[in-house]
Amino acid sequence: MKKIYLIGIGPGNPDYLTLQAINTMKKVDVFFILEKGERKGFKEFIKIRKEILERYLDRGTYRVVSAKIPERKKNRKSYKEGVKTWRQQKAEVITELIEDKMKDSEIGAFLIWGDPSLYDGHLEILQHILKEGAVNFEYKVIPGITSIQVLAAMHKIPLNRIGESIVITTGRKVKEYAPAEITNTVVLLDTYSAFKHFKDSDIDIYWGGYLGSKDEILLSGRLRDIIEDLKKLRSKAKREKGWLMDTYILRR
Ligand SMILES: C[S@@+](CC[C@H](N)C(=O)[O-])C[C@H]1O[C@@H](n2cnc3c(N)ncnc32)[C@H](O)[C@@H]1O
C-alpha cells in the first residue's frame, strides 16, 4: 500500500529538524511540494524546503513533484466556508498526486511548516481524502518544533507560569476576548495587528517575527509602551521583505 508522511520541519530553520524527521526523509521516494502562488513569502517557503532536502539527503535518492494549488479566496460571509472550499481544492490536487505520481508501495511525504498538528490543514485533508475513498493509503505524522516553542525559547520564558493555562488562538479570534480575559494567550496568524485591541490594559507582549531565520526579530515589553514601535517594526518588515510571519504571547 502507498504510504504518506506528514513531516514537521520546524518554522523555517533547517537546524530545527528532528532526527526522526531526517531518518523518515531518508525513506521517502517522492516529496510533494505545493506551490501557492507568486508571492515572495510563498517562494521563500519552497526554497527552504528544497534546502532541507539538499542538506539532509543524497542527490538521486528521491524525487520532487511540485503542484500548483490556488491561493485561498476570501469569503466575506464566512471565514470557515472560505477555508473549507480552499481545503477541498487542495484535497483534489493531493488526491491526484497520490494517485498519479506514486507507484504502489512507494512512500510519499509533505514537509509541513512547524508541526503538522498546529494550525495546519494537511492532516484533515488526508483524512477527508480517505473518507471520500478515491485513493487508498496509510499515513503517519512526524512531529516538528512549532513557532510557539521557538518564540518562548528566544525570549527565554516558560510558556506557562505555575498552575496557569495557555490559550492558543489566532489574530482573528483574539479580538473576541475582553481585555480582562487575557492572562496568557499565544496568538498566531495575525494579519491585522490584533494586539491593538488590548493596548490600554496592563499586558506584556513577547513578539517574534521570522523566528529561527537569519532575519529573526524579537521585541518584548509592556504593550502600551512598545505598541508604536511594534507597529512600525511590522510595517517596515512587510515593506522590506514583502511578507511577515509573526507570533506573540500576550501575558498579564
Ligand atoms: C498556518 S500557521 C502554521 C503554524 C505551524 N504549523 C507551527 O507549528 O508553527 C502559520 C502561522 O504560524 C506562525 N509562524 C510560523 N512560522 C513562524 C516563524 N518562523 N516566525 C514567526 N511566526 C511563525 C505565524 O503566526 C503564522 O501566521
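No experiment lies behind these values; they were computed from the predicted model shown. (Residues numbered from 1 in each chain as written. Predicted model: local features only at pLDDT ≥ 70, side-chain atom pairs only at ≥ 80, totals over all residues. Heavy atoms only, no water.)

Visitor: Please give an account of the domain arrangement of the protein that cites residues and values.
Guide: According to the domain assignment, the protein contains domain 1 (3-145) and domain 2 (148-251). At the junction of the two partners, domain 1 supplies 14 residues and domain 2 supplies 18 residues. Summed over both sides, the interface of domain 1 with domain 2 buries roughly 1,300 Å², with 63% coming from carbon and sulfur. Here domain 1 and domain 2 share one salt bridge between them. One can count three residue pairs in polar contact (both at pLDDT 80 or more) joining domain 1 with domain 2. Top contributing element to the side of domain 1 that touches domain 2 by residue count: helix α2 (residues 40-56), with four residues. Class assignment for the residues of the side of domain 1 that touches domain 2 results in eight nonpolar, three polar and three charged. (Domains from an automatic or database assignment. Contact = heavy atoms within 4.5 Å. Buried area = accessible area lost by both parts, 1.4 Å probe. Salt bridge = Lys/Arg side-chain N within 4 Å of Asp/Glu carboxyl O. Polar contact = N/O pair within 3.5 Å; in protein donor to acceptor, adjacent residues only side chain to side chain. Helix = DSSP H or I, 4+ residues; strand = E, 2+ residues; numbered from the N terminus. Nonpolar A, V, L, I, M, F, W, Y, C, P; charged D, E, K, R; others polar.)

Visitor: So what about the packing of helix α3 (residues 79-100) against helix α4 (residues 122-132)? Which residues, and what values?
Guide: Closest axis-to-axis distance for the α3/α4 pair is 10 Å, and the angle between their directions is 65°. One element, α3, and the other, α4, form an angle in the roughly perpendicular class. Once α3 is placed against α4, the crossing between them reads as right-handed. Contacts from Arg87, Gln88, Lys90, Ala91, Ile94, Thr95 and Ile98 in α3 reach His122, Glu124, Ile125, Leu126, His128 and Ile129 in α4. Partitioned by chemical class, the residues of the contact of α3 with α4 number six nonpolar, four polar and three charged. (Axes fitted to C-alpha atoms, helices over the stretch in contact; angles between N-to-C directions. Parallel < 35°, antiparallel > 145°, perpendicular 65-115°, else oblique. Left-handed = near helix turned anticlockwise from the far one by under 90°.)

Visitor: Pulling in residues and values, what's your account of the packing of aromatic side chains?
Guide: With the rule as written, the count across this model stands at seven aromatic pairs. Ring geometry for Phe45 versus Trp243: centroids 5.0 Å apart, planes at 80°, classification edge-to-face. Of this pair, Phe45 sits in helix α2 while Trp243 sits in the loop between α7 (223-241) and β10 (246-251), and the two are 198 residues apart along the sequence. Each member of the pair, Phe45 as well as Trp243, carries the same accessibility label: buried. With a centroid separation of 5.3 Å and an interplanar angle of 85°, the aromatic rings of Tyr210 and Trp243 are classed as edge-to-face. Here the residue Tyr210 occupies a position in the loop between β8 (204-209) and β9 (217-222), and Trp243 occupies one in the loop between α7 and β10, the gap between them amounting to 33 residues. Comparing Tyr210 with Trp243 shows no difference in burial state: the two are buried. Connected via pairs of aromatic rings, a cluster forms that spans Phe45, Trp113, Tyr210 and Trp243. (Phe/Tyr/Trp six-rings, centres within 6.5 Å; stacked < 30°, edge-to-face > 60°. Buried < 20%, exposed > 50% of the residue type's maximum accessible area, 1.4 Å probe, protein only.)

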